[in-house]
Amino acid sequence: MSTYTEDQRKVTTRRLAEMKQRGEKIAMLTAYDYSMAKLIDEAGMDVILVGDSASNVMAGNVTTLPMTLDQMIYHATSVVKGVKRALVVADLPFGTYQGNSKEALASAIRVMKESSAEAVKIEGGSEIRESIERILCAGIPVMGHLGLTPQSINKFGSYAVRAKEDAEAAKLLEDAKLLEELGCFAIVLEKIPAQLAEKVAKELTIPVIGIGAGGGVDGQVLVMHDMLGINKGFSPRFLRRYADLSTVINDAVARYIDDVKTRDFPSEKEQY
Ligand code: KIV
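Residues numbered from 1 in each chain as written. Predicted model: local features only at pLDDT ≥ 70, side-chain atom pairs only at ≥ 80, totals over all residues. Heavy atoms only, no water.

A look at the site of the ligand
So, step 1. Contacts to the ligand come from T30, L49, G51, D52, S53, D91, K121, H145, E190, I211 and V223.
So, step 2. Note that an oxygen atom of the ligand is positioned 3.0 Å from one of the side-chain N or O atoms of D52.
So, step 3. Residue D91 places a side-chain N or O atom 3.1 Å away from an oxygen atom belonging to the ligand.
So, step 4. In isolation the ligand exposes 260 Å². Once the protein is present, 96% of that is buried.
So, step 5. Its residues assigned to classes, the shell around the ligand comprises three nonpolar, four polar and four charged. (Near = heavy atom within 4 Å. Polar contact = N/O pair within 3.5 Å; in protein donor to acceptor, adjacent residues only side chain to side chain. Areas by Shrake-Rupley, 256 points an atom, 1.4 Å probe, with all protein chains shown as cover. Nonpolar A, V, L, I, M, F, W, Y, C, P; charged D, E, K, R; others polar.)

This is how it looks when you write it as structure tokens:
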């Protein structure tokens, strides 16, 4: 259990706003299944994101685009069952909210009804204004996501840092203010200059959670497989690894194989 989470009350969108007001940083991490979500929640995480990064780290796809609504609901349902304290936010997958705000609302309702997640996250600014408004009208909390938005990777053409140029930075700030105005309860800023992210966090009253956006924001989010060292093929500058689970797992599995081959396992005590 983290030393910062003696308060065992359920984390809500309102409590996140209070955390920002008193300057307490928000810790957010992804999870995609029951067992890991339970461990992460028990450690004291504030927000668990059922990210569409599941497409990469769970399904082995190159991008997040193939993720379907049914797959997201499957992951979110599993996560919710393991969580007691953290706020559970589920991504709306690519193609389920962009073109048509009624479809966006139907997607968000399915996620909330079928998985019992407590909020949805969607990527984009003014372009998806109608979808955000409609989802919010149904009483569903929305977390925004600006900067490097992986669902638009084919438009960007690379995973390089976004909003380095003045025009893109100005549009990002404008979009962040719009998301706050519309009623989003928080925003994720991904891979943008730290100075810009700090400016956004200062100008907004809602929490701004960064990934590759420096320390001047209200909280941090990482992908669980990256920070636990399960997925070692991905090493951006912003990533801090807190464990080397790929080595731990490889070693354990190799020992198991040896024990089976050498007839060491099972022993007398490990059978009936
Ligand atoms: O899908 C995801 O994991 C995300 C985080 C990178 C913020 O959106």
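There is more to say after this.
Considerations on unusual backbone geometry
So, step 1. With omega at 0°, the peptide bond leading from F265 into P266 counts as cis.
So, step 2. For P266, the position within the fold is in the segment after α11 (245-261).
So, step 3. The phi torsion at S116 lies on the positive side, around 65°, for a residue other than glycine.
So, step 4. Here S116 lies in the loop between α5 (101-115) and β4 (119-123).
So, step 5. For A163, which is not a glycine, the phi torsion comes out positive at approximately 60°.
So, step 6. Tracing the backbone shows A163 in the loop between α7 (153-156) and α8 (166-182).
So, step 7. For A163, a relative accessible area of 3% gives the class buried. (Helix = DSSP H or I, 4+ residues; strand = E, 2+ residues; numbered from the N terminus. Buried < 20%, exposed > 50% of the residue type's maximum accessible area, 1.4 Å probe, protein only.)

Some details on the layout of surface pockets
So, step 1. Volume-wise, the largest pocket comes out at about 830 Å³.
So, step 2. Every element with two or more residues in the lining of the largest pocket is listed here: β1 (26-30), α2 (34-42) and β8 (219-222).
So, step 3. Examining the composition of the lining of the largest pocket, we find that four residues originate from one element, β1, more than from any other.
So, step 4. Split by residue class, the lining of the largest pocket holds 17 nonpolar, five polar and four charged. (1 Å grid on protein atoms, 1.4 Å probe; cavity = no way out; pocket = protein on both sides within 12 Å on 5 of 7 lines; lining within 4 Å. Points joined across faces, edges and corners; volume = space filled by probe spheres on them.)

Some details on the pattern of salt bridges
So, step 1. Summed over all chains, the structure comprises 17 salt bridges.
So, step 2. It is possible to trace a salt-bridge network through shared partners that takes in D70, R110 and E114. (Salt bridge = Lys/Arg side-chain N within 4 Å of Asp/Glu carboxyl O.)

Re the pairing of strand β2 (residues 47-50)
So, step 1. Burial along β2 is two-sided: V47 and L49 facing one way and I48 and V50 facing the other are all buried.
So, step 2. By the bridge criterion, three bridges tie β1 to β2 in an arrangement that is parallel. Each bridged residue has a counterpart across the sheet, and for M28 the counterpart in β2 is V47.
So, step 3. Crossover connection from β1 via α2 to parallel β2: handedness right-handed. (Pairing = 2+ DSSP bridges. Right-handed = clockwise from strand over helix to strand, strands pointing away.)

A look at helix α6 (residues 129-137)
So, step 1. Turning to α6, its buried residues are S131, I132, I135 and L136. Taken end-on, α6 shows its buried residues confined to a sector of 125°, consistent with a single buried face. Every exposed residue of α6 that faces more than 90 degrees away from the buried side is listed here: E130 and C137.
So, step 2. Turning to α6, the residues buried within the fold contact α5, β4, β5 (142-147) and α8. (Arc of directions from axis to C-beta. Contact = heavy atoms within 4.5 Å.)

A closer look at helix α9 (residues 194-203)
So, step 1. Burial in α9 covers these residues: L196, A197, V200 and A201. The buried residues of α9 occupy an angular sector of 135° when the element is viewed end-on, so they sit on one face. Facing away from the buried side of α9 by over 90 degrees, the exposed positions are Q195 and K202.
So, step 2. Buried residues belonging to α9 abut α1 (13-21), α8, β6 (186-190) and β7 (208-211).

Re the packing of aromatic side chains
The geometry of an aromatic ring pair comes down to the distance between the two centres and the angle between the two planes.
So, step 1. Counted according to the given criterion, the structure contains one aromatic pair.
So, step 2. Judged by centre distance (6.0 Å) and plane angle (65°), the rings of Y256 and F265 are edge-to-face.
So, step 3. Residue classification places F265 among the partly exposed residues on the basis of a relative accessible area of 36%.
So, step 4. The ring of F156 has R162 sitting right over it, with the charged end atom 3.9 Å from the ring centre. (Phe/Tyr/Trp six-rings, centres within 6.5 Å; stacked < 30°, edge-to-face > 60°. Lys NZ or Arg CZ within 6 Å of the ring centre and 35° of its normal.)

Let's talk about the sheet that holds β2
So, step 1. Spatially, the eight strands close up into a barrel ordered β1-β2-β3-β4-β5-β6-β7-β8, and their pairing is parallel. Strand-to-strand twist in this sheet, taken as the mean axis angle between neighbours without regard to direction, amounts to 25°. (Axes fitted to C-alpha atoms, helices over the stretch in contact; angles between N-to-C directions.)

Overview of the environment of G215
So, step 1. With respect to the element layout, G215 can be found in the loop between β7 and β8.
So, step 2. On the basis of relative accessibility, which here comes to 57%, the residue G215 falls in the exposed class.
So, step 3. Non-local contacts of G215, meaning those with residues more than four positions away in its chain, are made with K25 and Q220.

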